[in-house]
Protein chains: 2
Amino acid sequence: MLAAWQAAPASSRIAVTTVPLIYLKLGGSLITEKDNPETPRLDVLERLTREIARARKARPRRQLVLGHGSGSFGHVSAQRHGTRIGVNSKNDWYGFAVTADAAARLNRIVAAQLLQADLPAWTVQPSAALRCKDGRVVSGPAETVRLALERGLLPLIHGDVALDSVRGGTIASTEEIFEEMAAQLPPVRIVLAGEVEGVYTSDPRKDPTAALLREITPSSFSSLQAALGASHATDVTGGMAAKVEQSLRMVRALPGLEVIVCGGLLPGAVFSALTDLSDPPGTLIHAGAPRGLS
Amino acid sequence: MLAAWQAAPASSRIAVTTVPLIYLKLGGSLITEKDNPETPRLDVLERLTREIARARKARPRRQLVLGHGSGSFGHVSAQRHGTRIGVNSKNDWYGFAVTADAAARLNRIVAAQLLQADLPAWTVQPSAALRCKDGRVVSGPAETVRLALERGLLPLIHGDVALDSVRGGTIASTEEIFEEMAAQLPPVRIVLAGEVEGVYTSDPRKDPTAALLREITPSSFSSLQAALGASHATDVTGGMAAKVEQSLRMVRALPGLEVIVCGGLLPGAVFSALTDLSDPPGTLIHAGAPRGLS
């Protein structure tokens, strides 16, 4: 992948690197009903699609890669077969195929909404290109996504199954695919839109005193962890711990990258995250000097 | 692609080359209603799926790559935007995305039927890997298909849009994708199942005296063309001319390859084409000595 990227004509490389690129993930819990298997939240999806279309009109010089989680699509099958930890038996491979199908079915629903809003959304099935090694993404769809961006398409990816040289098969989340892609197509911002409005000091669904963190940097995260005691480290962010740690890894690796964790249920938040570079909604994760957002 | 293939461990290469591999295409006109846009022929599809499942049980040591045409899915959009001849304007790219979506929607219907029949069908979206140069496929999904076959999956592809270094974008048929794939994953047989029962001396839907050709070789095709006069060359096979010429090109390029053109509306024909190596249904196209099929 990297070789192909380097071999691209200089003009195309410049085209991508000089146009600000944003990645947006619509979380699976945001666009599907958690308690009803394989039920999309069409009203939410339709509104988010309009916000994306509005943002593209407002910032025509910005490029966008869109991804989404699978939520309650394929979750049952992936869980039952333990697809993420490895795929071995004939039955496991059937589960792999069923899980892939469920993710692709939700993707068609998302694509339909985007096309309906006149967006040139083109799915690039991640698993057609993904190669993992013991659960880690080693290559992915970056080259096809780059060519799609050059043509003015809106590349659409999703959490997917993946072939794995150690586990046979596995699952790769949108964030994991984004992380590998970011090394080749560096974004200025990654927006992770979920159900919750950002990263909180504790789980806001359980703790009424939970406070939204407006800004996280590698050093502020260390202080926060220290203040709460190492044993509480994973509770700091509730189910968000892994997401924050992955985000911190990315902002450290890519100079200038910002990750925004925001809530997609709040109308306008995704539009703002895509267009407002100075005062984004939710939580801003970056590796620069603290900005004192409030 | 070729480099990756050659770099694969010897064991995996042997696994593929020693197990007889068959490609099967279900024609778009076979699995969709020509006169009703975007309407699948579910009864036909369900029966064909059962035949495929039965064939896999009867010949468990044989590997299969399955493909299908798009028929009346995406046809309107591809026609309106002239996607095959090139993609330039913003509107053309929107048409490209709509055409891709239609092909993918039909593919989900096909995948659902296959999974229903307990087949581990896994779509490998061709356009995620396809690269064309002025309408000619230069690389495709062969490497991912190879890895899927090694794992016992049933790789499923389809006619699709494709990125093109000259035309911007184009359309690649299942046959065109098969042709490029065959150079890397050589099949022993390619089965092209359509509405018509094989290749006829003239169009059987218009000419009651049309006779089914049981066998075509490069030399018999030349004689046939000469007998009918060069000006009738394209009429020999009705709409099949291009298909026969492409098939002859493939059997000449790949020693031992047979192409079967058969009718999928006749129950049992696809099962027979997948399992019967001595007396296949329809028309056998090959580059060997004439076998005198009757």
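Rules used throughout
Residues numbered from 1 in each chain as written. Chains lettered and ligands numbered in written order. Predicted model: local features only at pLDDT ≥ 70, side-chain atom pairs only at ≥ 80, totals over all residues. Heavy atoms only, no water. Pairing = 2+ DSSP bridges. Helix = DSSP H or I, 4+ residues; strand = E, 2+ residues; numbered from the N terminus. Axes fitted to C-alpha atoms, helices over the stretch in contact; angles between N-to-C directions. Contact = heavy atoms within 4.5 Å. Buried < 20%, exposed > 50% of the residue type's maximum accessible area, 1.4 Å probe, protein only. Buried area = accessible area lost by both parts, 1.4 Å probe. Salt bridge = Lys/Arg side-chain N within 4 Å of Asp/Glu carboxyl O. Polar contact = N/O pair within 3.5 Å; in protein donor to acceptor, adjacent residues only side chain to side chain. Nonpolar A, V, L, I, M, F, W, Y, C, P; charged D, E, K, R; others polar.

Asker: Would you take a moment to explain the sheet that holds strand 4 (residues 131-133) of chain A for this structure?
Answerer: Think of a sheet as strands paired side by side through backbone hydrogen bonds, with each pair either parallel or antiparallel. All names here are of chain A. Ordered in space as 5-4-7-8, the four strands form an open sheet in which the pairing is mixed. Across the chains shown, the open sheet's two edge strands, defined by having one partner strand only, are strand 5 (136-139) and strand 8 (168-172). Taken over all neighbouring pairs, the strand axes of this sheet differ in orientation by 50° on average, direction set aside. Sheet topology note: the strand 4/strand 7 (residues 160-164) ladder contains two bridges and is parallel. Bridge assignment links R131 to a residue of strand 7, and that residue is L163. Where helix 6 (residues 90-116) meets the sheet, it contacts strand 7 and strand 8, and its direction lies at approximately 140° from that of strand 7.

Asker: Help me understand the environment of A183 of chain A in this model?
Answerer: Residues and elements named next belong to chain A. In this structure, A183 sits in the loop between helix 8 (174-182) and strand 9 (189-194). Here A183 falls in the exposed class, since its relative accessible area comes to 58%. Linking A183 and A142, residues 41 residues apart in sequence, is a C-alpha distance of 9.2 Å.

Asker: Honestly, the interface of chain A and chain B in this entry has me stumped. Any pointers?
Answerer: Size of an interface, as often reported, equals the accessible area lost when the parts are brought together. In this assembly, 34 residues from chain A lie in contact with 34 residues from chain B. Both faces considered, chain A and chain B share a buried interface measuring about 2800 Å² in area, 63% of it formed by carbon and sulfur atoms. If you look at where chain A meets chain B, you find two salt bridges. One salt bridge in this structure joins R108 of chain B and D101 of chain A, with 2.7 Å as the shortest N-O distance. Here chain A is connected to chain B by 15 residue pairs in polar contact (both at pLDDT 80 or more). Split by residue class, the side of chain A that touches chain B holds 19 nonpolar, seven polar and eight charged.

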